[in-house]
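Residue-level structure breakdown
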Amino acid sequence: MKAFLDDDFLLTTPTARRLYQVARSIPILDYHCHLDPKEIAQDRRFENITQVWLGGDHYKWRLMRANGVDEAYITGDAPDREKFQKWAETLELAIGNPLYHWSHLELRRYFGYEGVLNGDTAQEVWELCNQKLQEPGMSARNLIANSGVTLVCTTDDPADSLEWHQQLAQDSSFPVKVLPAWRPDAAMGLERPEYLDYLQRLGQAAGVEIRTYADLKEALLSRMAFFDKMGCRASDHALTVAVCQPASEEELERVFQKRLEGEPLTQEELAAFQTGFLRFVAGEYKRLGWVMQLHFGVKRDNSSRLYAGLGPDAGADCILSPLRSGPLADYLNALDRTGELPKTILYSLNPADNAVIGALIGCFQGDGILGKVQQGSAWWFNDHKDGMEAQLKSLASLGLLGSFVGMLTDSRSLLSYPRHEYFRRILCGILGRWVENGEYPADWEALSRIVRGISYENAVRYFGFSVPGAEAVQV
């Protein structure tokens, strides 16, 4: 019987263990996350483990609700110590869930706790972690830097002032780059009740009175220029489904005016506006050299009860039915035909889409770019052992695994970086088995290059980031 989380965790072959010696010391590039730049700029400190571990973590909230925990101990006003107790009691039942592994990796890597968290050990873990959090190295900035991170991309609305990014850019004492990433969902979301209020906020940020679709594009161009000046190199879109319903500029203007006048819009009109919007911004991403990330396959905020009380991102989202690849293929082709297709990463929340995406991305490679169109890493409900293995194997079977840009945290937690360790162990485990089975030669130079690339170097090259050591991986 193997010990829990020993040094060879998930590394079942000698080759895997040897490859992990390469992976373990490679830096981390967090090109997509939801960390708060204000917390980083102000170098936030946390009073206790509940604040840094449970606040905003809807992964944990879902499990606690499944365990029958009252909402007061999840997102309510119960004391932090009692919330932590409820989480500890929930965790011991979470066998097979990645949260069990992540939580214990985080306890070991950040707090030095080698035991197992459960209802009986909750008090000792609470005391140990809270004592550790008082040390200088446990502030927001130190948690990031000491995790081996070289660069972080947050997720930012076009109307955001980016004041905290400006402050961080001027602070030479923090060695980690913190860059904004462009997330224009609110600008595209005509169906949202608050859309007109948002347009006013966007217009104020851009210095443009938005009364036409042309005005909206002008405002977006102004904000893109500002984001680019602030170092932005990536965009991100949260889509329910992929659509492609071409429409003329005149038709898009008509749809926009209907929304300004409060008239109801049909699904066809919304699809046409989304298509036109995405074609416009994609062309600008290509011009700026930004990467376009498209996340789809999720149905959000399914519980109206939770949404009414807690708003979005409360843990009430689910996987949507499989991807209709035709519209997505047509959208990418429309951009490719006119030379406006930027580097693009496709993420689906539905694991049934792995092969669909793997086949689709092969249609649009080129321009001398290593992996111009990518399948994103196993996302959200798939970033567990089985999900990561399935994504990696599917990508390898249908494409070029060695060009993959690898793992991201997609997290709001400063303690989430051991997820990269988890991913790298899984990656090395798969490669090791292939070598041991005679499916790939024991070419250590080539294998090491693949591991370094997927762990870090491919992402540096792909996004064009300037980070320490980047000169070694630039084309």
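Relevant structure appears above.
The present account deals with the structure reproduced in this document. Worth saying up front: this structure is predicted, and the values here are computed from it rather than measured. The numbers attached to residues start from 1 for each chain and follow its sequence in the written order. Given that this is a predicted model, residues contribute local features only at a pLDDT of at least 70 and side-chain atom pairs are listed and counted only at 80 or more, while totals for whole chains, interfaces and linings are drawn from all residues. In computing side-chain values, all of the structure's heavy atoms are included and hydrogens and water are not.

1. Some details on the nonpolar core
By nonpolar core is meant a set of buried Ala, Val, Leu, Ile, Met, Phe, Trp, Tyr and Cys residues that side-chain atoms within 4.5 Å join together. Note on classification: 1.4 Å probe, protein chains only; a residue is buried when its accessible area is under 20% of the maximum for its type, exposed when over 50%, partly exposed between these limits. In terms of nonpolar packing, the biggest core is built from 150 residues, with Tyr31, Ile144, Leu216, Leu328 and Leu346 touching the most fellow members. For Ile144, the residues in contact, after removing those within four places along its chain, are Leu35, Ile40, Val149, Val152, Phe174, Val176, Leu414 and Tyr417. Whether two residues are in contact is decided by their heavy atoms, any of which lying within 4.5 Å being enough.

2. So, the packing of aromatic side chains
Stacked, tilted and edge-to-face pairs are distinguished by plane angle, under 30 degrees for stacked and over 60 for edge-to-face with tilted covering the rest, among Phe, Tyr and Trp rings (Trp via its six-membered ring) whose centres lie within 6.5 Å. Taken as a whole, this structure holds 19 aromatic pairs when the rule is applied. Arranged with centres 5.5 Å apart and planes meeting at 65°, the rings of Tyr213 and Phe273 form a pair that is edge-to-face. Residue Tyr213 is found in helix α12 (residues 213–229), and its partner Phe273 is found in helix α14 (residues 267–288); the two are separated by 60 residues along the sequence. Across the pair, exposure class does not vary: Tyr213 and Phe273 are buried alike. Seen in terms of ring centroids, Phe404 and Phe423 are 6.4 Å apart; in terms of plane orientation they differ by 65°. Their pairing is edge-to-face. Of the two residues, Phe404 is situated in the loop between α18 (385–398) and α19 (418–436) and Phe423 in helix α19; the sequence distance between them amounts to 19 residues. According to the relative accessible area criterion, Phe404 is buried, its value standing at 0%. Linked through ring pairs, Phe9, Tyr59, Trp102 and Tyr422 together constitute an aromatic cluster. Cation over ring: Lys343 sits above Tyr462, and NZ or CZ is 5.4 Å from the ring centre. Across from the ring centre of Trp102, 4.0 Å away, lies the NZ or CZ of Arg419, which sits over that ring. Helix numbering and strand numbering both begin at the N terminus, where a helix is a DSSP run of H or I of at least 4 residues and a strand a DSSP run of E of at least 2. Charge over a ring is defined by NZ of Lys or CZ of Arg lying within 6 Å of the ring centre and within 35 degrees of the ring normal.

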